[in-house]
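Now for the letters of each chain:
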Amino acid sequence: LFRARSTATGRLGCTAPFPTLPLMVQVSTPLLGGTGPRSRSFTRNVAATVAGVCLVAALGLILVSTRQLGSPSFLEALESQDDGTYLAAMSKGEDGTGFMQKLQNVWFVMSNKGDTKVAKEAQALAVQLQTADFPHTVKHDTNSEVNPCEDFYEFACGGWTARNHDSIPKSQTSWALSWDAAQLDIQEKMVTLLEKDEGPSGHFYRSCKDTALIEKEGAKPLAPWFKVIDSIENKEESLRSVIVSLNKANLDMFFSWYIDTDSHNNQQNAFFLTQSDTSLPDPSYYTEDTPEMVEHRAVFVERMGHFFKLVGRPDPEAEAKLVMDFETKLSAILDDRTTAYKEHAAVTSWAEVAEMAPGFDWKAWQTQLAACTETFNGIPKFCENDHDSIMAVGTPEGKPLYMRNKAFFPKFNTLLAETDIPTIKAVMRWKVVSGAAPSLSQEFEDAMLVWYKDLYGVQERSARDRKCFFATTGTTSWASAMLYSDHLFHQPNIKAAQGMLENIRKEFLLAIPDAAWMTPDNREDAKHKLREMFFQVGIPTDKDGATDWPKRANALEGHLGKDYFCNQEIATRLSLQRSMEKLTKTPDRRHWGGSTPLEVNAFYGPKSNGLWIPAGILQKPFFDYKNSDAQNYGAVGTILGHEMSHGFDDDGRRYDAKGEMKDWWDPKTVAGFEDRSKCISNLFSKYQVLDKKVNGVLTLGEDIADAGGLKFAYRAFLQAAPEGAPRSGSDKRVFFTSFAQTWCEVDRKKSALATVLTDEHAPGKFRVIGGLTQFKPFAEAFQCPQGAPMAPKDSERCHLW
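Counting restarts for each chain: residues are numbered from 1 in the order of the written sequence. In keeping with the predicted nature of the model, local features appear solely for residues at pLDDT of at least 70, side-chain atom pairs appear and are counted solely at 80 or more, and the whole-chain, interface and lining totals rest on all residues. The basis for the side-chain values is all heavy atoms of the structure; hydrogens and waters are excluded.

K.L.:
Honestly, the state of the cysteines in this entry has me stumped. Any pointers?
P.N.:
Two cysteines, two sulfur atoms, one covalent bond between them: this is a disulfide. The disulfide criterion used throughout: a pair of cysteine sulfur atoms within 2.5 Å. Counted under the stated rule, the structure contains five disulfides. Here Cys-149 connects covalently by a disulfide to Cys-784, the sulfurs 2.1 Å from one another. Disulfide Cys-149 to Cys-784: torsion about the S-S bond roughly -85°, handedness left-handed. Of the two residues, Cys-149 is situated in the loop between helix H6 (136–139) and helix H7 (152–164) and Cys-784 in the segment after helix H34 (776–781); the sequence distance between them amounts to 635 residues. Taken individually, Cys-149 and Cys-784 each receive the classification buried, so the pair is uniform in this respect. Helix and strand assignments come from DSSP, with helices taken as H or I runs of at least 4 residues and strands as E runs of at least 2, each series counted from the N terminus. Note on exposure labels: buried denotes an accessible area under 20% of the residue type's maximum, exposed denotes more than 50%, and partly exposed covers the range between, all computed with a 1.4 Å probe on protein chains only.

Written out as structure tokens, the structure reads:
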């Protein structure tokens, strides 16, 4: 489109290069809709647009002519540049912005009038101008045939999607441009280190790679587990003892428990009870009668029967049906996913628990759980004395007892009473087999693959290197993180990320006074909470900034052998004992919890009021010191702002500056927040994947964080310009495109369905569209006409900050 078509006579004219544009003079509808005659200003705008297009055509013809006839010296200099240089020059300044705006207006009007030819020509030239200065790494993944004002996700990700739509690794459910690229880079480099490492990570990795020993063992590692399950004789003491034994091996049965920071007093830990879970991703998999769900249930029963056959059960099909019947009943009594995810635990007592579920002896379970006993599978017990702190839970002298999902426990009591011992044993065996299968011989892995192919569309097992990398970094997580930090992490990235965080916090602080929905006192409280928020960037540090690796980084030193399954049991037992000891210790606010610096992710902890930015995400393509500010702020900057905004989402807002759950917002502020957040949840609930709608209530916290992260990172990016110079229009467009490309992803159909039903994050496409449509500076940067799909009226946008 940059090269103009010539007229029949070879002269330059306004009608020949784009012969349909003058037809706009005959259009009787105003540019942005409405009624009444077209104004003179509209006619002048149309004329200016036509003139601008003619100017581009004329420049193009000059270049064509000079190439054919021999160029004068000054034209030779011009010709030495590529078209991108000319387009970039034309897009700059007020004239360039105005010209692009007119092109977008032409696209919008003619699209609505059905003149697709003119619309496409105007769009194509607008996109060329808007992206002329884009770095190749950004531009390469865009789709220039899509107008950014119509579908920005497709514009930003369409080129990459077209190349990768059929390239999802067969062992994966999805493939993401940024997240998987960063993860793959870590994986490939870490495998080289793990092969030679003499510490716990290296030992564990090599045991995972020893497939000869794993194949030789087959199902033998499960024998002690089945033996303890077979010992159940009644639903009283016998069943309880087995449940405790499995709990100490970190396997939940029928309900779940954990130890974590006290929600109301973060100077101590507390003991929590909560509901169990099912094998299939969502309760709808057990109840819906669609062909897909019926097939999922049939494959599930068939797979369980196959697994039971592999471990030598005498009637595998019948046992599989027992489990299916139980899990169907269990799925019906669980709190729905939104309630389960959003609900906060409440203080309770053992007497109240016993009243809700009298069919299980909770105090006896507590006593047995607290006892330091030998293990049923020969693994070291890693304790010397009984855990008195667990025995004291729920007493005046001990730590508090909390319960989540209270409605579940009376229903669990009924279900347990109605379930016979053969079914209980079958359910326990299935929990053991399904949990252990990925760590057993190939026939178990193959059996699991068939099941996951049906559930998520996975086509083949992971390569052994990849499987063992994830197994190692998940089990010897801190030892692996130290290995990565010492040998692979670019330490200067920490300082750069800290600077970005402070810039983003500054912009957030400046925005809080404009939050009219908050009372003046609550605005001051919010600023105080934001100032008190601490950052852990890259690797663990103490409050003074000194490196502070936890003791558990070396906890497995000397405990691991050559048996892969046994190594996993050892690591699990040691981790559980460490968790049980937490009741005697004061929580460390800077503690990384279940995360490590090796992860490609970022986190906010409401009970600590802190941010954790792992080393794993401070690398390409999220961050690169060679990239422009626009790329870095658009990619990792929006993620940093996202985590910061979690401190004020529908969950984080319930915790004060110290990280303790308190009602620190006035009723007026709460009402204002709920009104504005409802706008956001309603917006995302309109989006749909296949035939399933996004659950905007479930995703609300992440959607609020996306909106805040986008806004404050963008403002920080503007203010971080060198010497206070204004950011160019191209820089702004690169920022928004880099943000969008963070979420470029292709998914298998079955995986996409499971994700929209279960994930508290909206699908990537809607994180882009939902976030940017609500942010006016985006529409301004791409000259989107009001009313275009990506540019609603400002009065229709959702605003929180």
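What follows picks up the thread again.
K.L.:
How do you make sense of the pattern of salt bridges when you look at a structure like this?
P.N.:
Charged atoms that come close allow side chains of opposite charge to pair. The term salt bridge refers to a side-chain nitrogen of Lys or Arg lying within 4 Å of a carboxyl oxygen of Asp or Glu. Counting across every chain of the model gives 29 salt bridges. A salt bridge links Asp-141 to Arg-163; its shortest N-O distance comes to 2.4 Å. Taken together, the residues span a long stretch of sequence, with Asp-141 in the loop between H6 and H7 and Arg-163 in helix H7 at a distance of 22 residues. Its relative accessible area of 38% is what places Arg-163 among the partly exposed residues. Of the charged contacts in the structure, one is a salt bridge between Asp-260 and Lys-607, with a shortest N-O distance of 3.3 Å. Residue Asp-260 is found in strand E2 (residues 255–261), and its partner Lys-607 is found in the loop between strand E7 (603–605) and strand E8 (610–614); the two are separated by 347 residues along the sequence. Residues joined by salt bridges that share partners form a network here, namely Asp-230, Arg-313, Glu-319 and Arg-429.

K.L.:
Looking at this model, I keep getting lost on the packing of aromatic side chains. Mind explaining?
P.N.:
Whether two aromatic rings pair depends on their centres lying within 6.5 Å, for rings of Phe, Tyr and Trp, where Trp uses its six-membered ring; planes under 30 degrees apart make the pair stacked, over 60 edge-to-face, and the rest tilted. Counted by the stated rule, this structure contains 61 aromatic pairs. Pairing Phe-152 with Phe-782 gives two aromatic rings, centres 5.1 Å apart and planes at 65°, and the pair type is edge-to-face. With Phe-152 in helix H7 and Phe-782 in the segment after H34, this pair connects stretches of sequence that are 630 residues apart. Here the two residues Phe-152 and Phe-782 agree in accessibility, since each one is buried. Through pairs of rings, three or more aromatic residues link up here, namely Phe-152, Phe-155, Tyr-633, Tyr-714, Phe-717, Phe-735, Phe-736, Phe-775, Phe-778 and Phe-782. Should the NZ of a Lys or the CZ of an Arg lie within 6 Å of a ring centre and within 35 degrees of the ring normal, that charge is described as sitting over the ring. Sitting over the ring of Phe-648, Lys-529 keeps its end group 5.3 Å from the ring centre. In this structure, Arg-767 packs its charged tip against the face of Trp-743, placed 3.9 Å from the ring centre.

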